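Take a look at the letters that make up each chain.
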Amino acid sequence: MPLASDTILTRPLGLRDEATARTARWRSALTHRPLVGAALGIGALALGAVLVVGDDPLAGEPYAVATIAVRAPSAPVPEPAVPARPGPASRTADEVERASGVSVSRPDGTTAPDSVVIRVPPNAPVQLKPAPDPRLAERGRYGSLPKIGPDGARALDVYARPEAAGLERGGAVAGRIALVVSGLGIGQAATQDAIQRLPPAVTLAFAPYGADVTRSATRAREAGHEVMVQAPMEPFDYPDNDPGPQTLLTGAKPAENLDRLAFVLARVPGAVGVMNFMGARLTGEAAALEPVLREIGGRGLGFLDDGTSPRSLAREVGRKAKVPVARAEIVVDAVPRPDAIDRELARLEEAARKSGVVLASATALPLSIDRIARWARDLESRGILLVPASRAMRSGA
């Protein structure tokens, strides 16, 4: 049997049943009271039809109708206008001076209505000159090689990190330290650690063998570090102790060593100079070393001896050839232990106070990077200023 359109399934629970119950009670009353049923029969039947068939399930129970009106959103209350601060163009020089706290003294009481006061933010990062500079580069067999510019400009000067005039917080400078950390560009973790953790005034020297050495040196310069390139040179126990491919040898012809040097120089654009990698034997033989130093100086670079060999003749040969050469006086991590490194760093400070300027070297061992970074945190509070290694090489020219 098909369901009616208005069934118990489509109505609120209990409403239709209540109407049916009331109809049954009225019918029962009419059945047992015949005298009353005759008079009210028609009215009862009509009322029962309304209760059963009617659409209102409440069947006459009281109810109220609420009207919901949709109102338009009220307009937001405008906030009070804030007067705009006058820009530099609409402020007089006197207003700028008062606002910034800068006092400007002008001769004869004159005024300069169009003057502008420029405030340099403290601790602004130092930006090195882009490399390679077209004036200081030429095409070689292995890539771009440095050269002295037409106006006499040298890579040693152009690519150098500018030296700070004094301590950031003022006060007298008790001594200056130039520190070079070498052996970078091979291990990416150590290289990135050195670039990020060491103060930008520390010079970084890159070995020529890393697959990403050119990009690593570029990142170091972007972080403010002056960079150098290391030339592998023959040690006394070569080839048992081999610096690697393209090693400069005492028994090689000068042209062969210069060709190998060209490979090294092309690996690190923007270098201010060359640093030895090993090389105790080569740096101890003037005849083999002199052509190499002359080539380095002729390309506008300096040479830095890492100080590991007491037999090195680099300074003497460089002075004779009029090439900028410097030698590290202290090797910070000659003994790679925390206590030994800390001891050498303390000795480095003492030497800087006595002589004014001292040059030191270290290798890119994780331990060395960590100890140097810790030591350098409050170095300026002790009156010591870090300076780039290019200063030491120019002084040795």
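Description of the structure in this document. It should be emphasised that the depicted structure is a prediction, and the values quoted were computed from it without experimental measurement. (Residues numbered from 1 in each chain as written. Predicted model: local features only at pLDDT ≥ 70, side-chain atom pairs only at ≥ 80, totals over all residues. Heavy atoms only, no water.)

Things to note about the overall build of the protein
- Across its full length, the protein holds 12 helices and 11 strands.
- Evaluated residue by residue, the protein yields a buried proportion of 40% over its 397 residues.
- The contacts in the protein between residues at least 6 apart in sequence include a share of 69% that link residues at least 24 apart.
- Within the structure as shown, the protein displays about 22900 Å² of accessible surface, and the carbon and sulfur contribution to it stands at 57%. (Helix = DSSP H or I, 4+ residues; strand = E, 2+ residues; numbered from the N terminus. Buried < 20%, exposed > 50% of the residue type's maximum accessible area, 1.4 Å probe, protein only. Contact = heavy atoms within 4.5 Å. Areas by Shrake-Rupley, 256 points an atom, 1.4 Å probe, with all protein chains shown as cover.)

Some points on helix α7 (residues 254-265)
- Along its 12 residues, α7 runs 16 Å from first to last C-alpha, staying within 8% of the 16 Å computed at 1.5 Å per residue.
- Within α7 the residues assigned to the buried category are Asn257, Arg260, Leu261, Ala262, Phe263, Val264 and Leu265.
- Buried-residue contacts for α7 involve β2 (143-146), β5 (227-233), β6 (273-278) and α8 (286-298). (Expected span 1.5 Å × (residues − 1).)

Points about helix α5 (residues 188-197)
- The complete set of buried residues in α5 reads Thr191, Ala194 and Ile195. Down the axis of α5, the buried side of the element spans an arc of 95 degrees, and every buried residue falls inside it. Opposite its buried face, α5 presents the exposed residues Ala189 and Gln196, each directed more than 90 degrees away.
- Buried-residue contacts for α5 involve β3 (175-184), β4 (203-206), α6 (213-222) and α11 (366-376). (Arc of directions from axis to C-beta.)

Looking at the packing of α7 against α8
- Orientation of α7 relative to α8, taken along the N-to-C sense of each, is 40 degrees, at an axis distance of 10 Å. As summarised for this structure, α7 and α8 are arranged oblique, according to the angle between their axes. The way α7 lies across α8 gives a crossing that is right-handed. In this structure, α7 uses Pro254, Asn257, Leu258 and Leu261 to contact α8, whose residues at the interface are Pro291, Val292, Glu295 and Ile296.
- The class makeup of the residues in the contact of α7 with α8 is six nonpolar, one polar and one charged. (Axes fitted to C-alpha atoms, helices over the stretch in contact; angles between N-to-C directions. Parallel < 35°, antiparallel > 145°, perpendicular 65-115°, else oblique. Left-handed = near helix turned anticlockwise from the far one by under 90°. Nonpolar A, V, L, I, M, F, W, Y, C, P; charged D, E, K, R; others polar.)

Quick word on the pairing of β2
- Bridge count between strand β1 (residues 137-140) and β2: four bridges; the pairing is antiparallel. Within β2, the position partnered with Gly140 by the bridge is Gly143.
- From the end of β1 to the start of β2, which pair antiparallel, there are two residues. (Pairing = 2+ DSSP bridges.)

So, the environment of Val387
- On the secondary structure map, Val387 appears in strand β11 (residues 384-387).
- Along the sequence, Val387 and Leu359 sit 28 residues apart, while their C-alpha atoms lie 9.4 Å from each other.
- Apart from residues lying up to four places away in sequence, Val387 is in contact with Glu163, Arg176, Ile177, Ala178, Leu179 and Ala201.

Description of unusual backbone geometry
- Put simply, Ala131 and Pro132 share a cis peptide bond, and its omega is 0 degrees.
- When you line up the elements, Pro132 lands in the loop between α3 (93-100) and β1.
- Pro239 follows Tyr238 through a cis peptide bond whose omega is 5 degrees.
- Tracing the sequence through the fold places Pro239 in the loop between β5 and α7.
- In this structure, Gln246 is a non-glycine residue whose phi angle is positive, near 65 degrees.
- Along the chain, Gln246 falls in the loop between β5 and α7.
- Taking the relative accessible area as the measure of exposure, Gln246 reaches 25% and is therefore partly exposed.
- A positive phi angle, close to 60 degrees, is found at Lys322, a residue other than glycine.
- With respect to the element layout, Lys322 can be found in the loop between α9 (314-321) and β8 (325-327).

Points about the environment of Gln127
- Tracing the backbone shows Gln127 in the loop between α3 and β1.
- Exposure remark for Gln127: the relative accessible area of 59% places this residue in the exposed category.
- Put simply, Gln127 and Pro162 are 35 residues apart on the chain and 8.7 Å apart in space, counted from C-alpha to C-alpha.

What to know about the packing of α5 against α11
- Look at α5 against α11: their axes get within 10 Å of each other, and the N-to-C directions meet at 5 degrees. By the criterion of interaxial angle, the relationship of α5 to α11 is roughly parallel. For the pair formed by α5 and α11, the contact residues are Ala190, Asp193, Ala194 and Arg197 on the first element and Ile369, Asp370 and Ala373 on the second.
- Grouping the constituent residues of the contact of α5 with α11 by class yields four nonpolar, no polar and three charged.

Some remarks on the nonpolar core
- Counting residues in hydrophobic clusters, the biggest one holds 83 residues, and the most contacted among them are Ile177, Leu198, Leu204, Phe206, Leu348, Leu359 and Trp375.
- Looking at this core, the element that brings in the most residues is β3, giving six residues.
- Every residue in contact with Trp375, bar those within four places of it in the chain, is listed here: Ile177, Leu179, Leu345, Leu348, Glu349, Arg382 and Leu386. (Core = buried A, V, L, I, M, F, W, Y, C linked by side-chain atoms within 4.5 Å.)

Thoughts on the pattern of salt bridges
- Evaluation of the coordinates by the stated rule reveals 27 salt bridges.
- Arg154 serves as the salt-bridge partner of Asp157, at 2.9 Å between the closest nitrogen and oxygen.
- Owing to a relative accessible area of 35%, Asp157 belongs among the partly exposed residues under this scheme.
- Its relative accessible area of 23% is what places Arg154 among the partly exposed residues.
- Here Arg374 makes a salt bridge to Asp370, at a shortest N to O gap of 3.0 Å. Taken as a pair, Arg374 and Asp370 lie in helix α11 at a separation of four residues, close to a single helical turn.
- The network of salt bridges with common partners includes Asp193, Arg197, Asp342, Asp370, Arg371 and Arg374. (Salt bridge = Lys/Arg side-chain N within 4 Å of Asp/Glu carboxyl O.)

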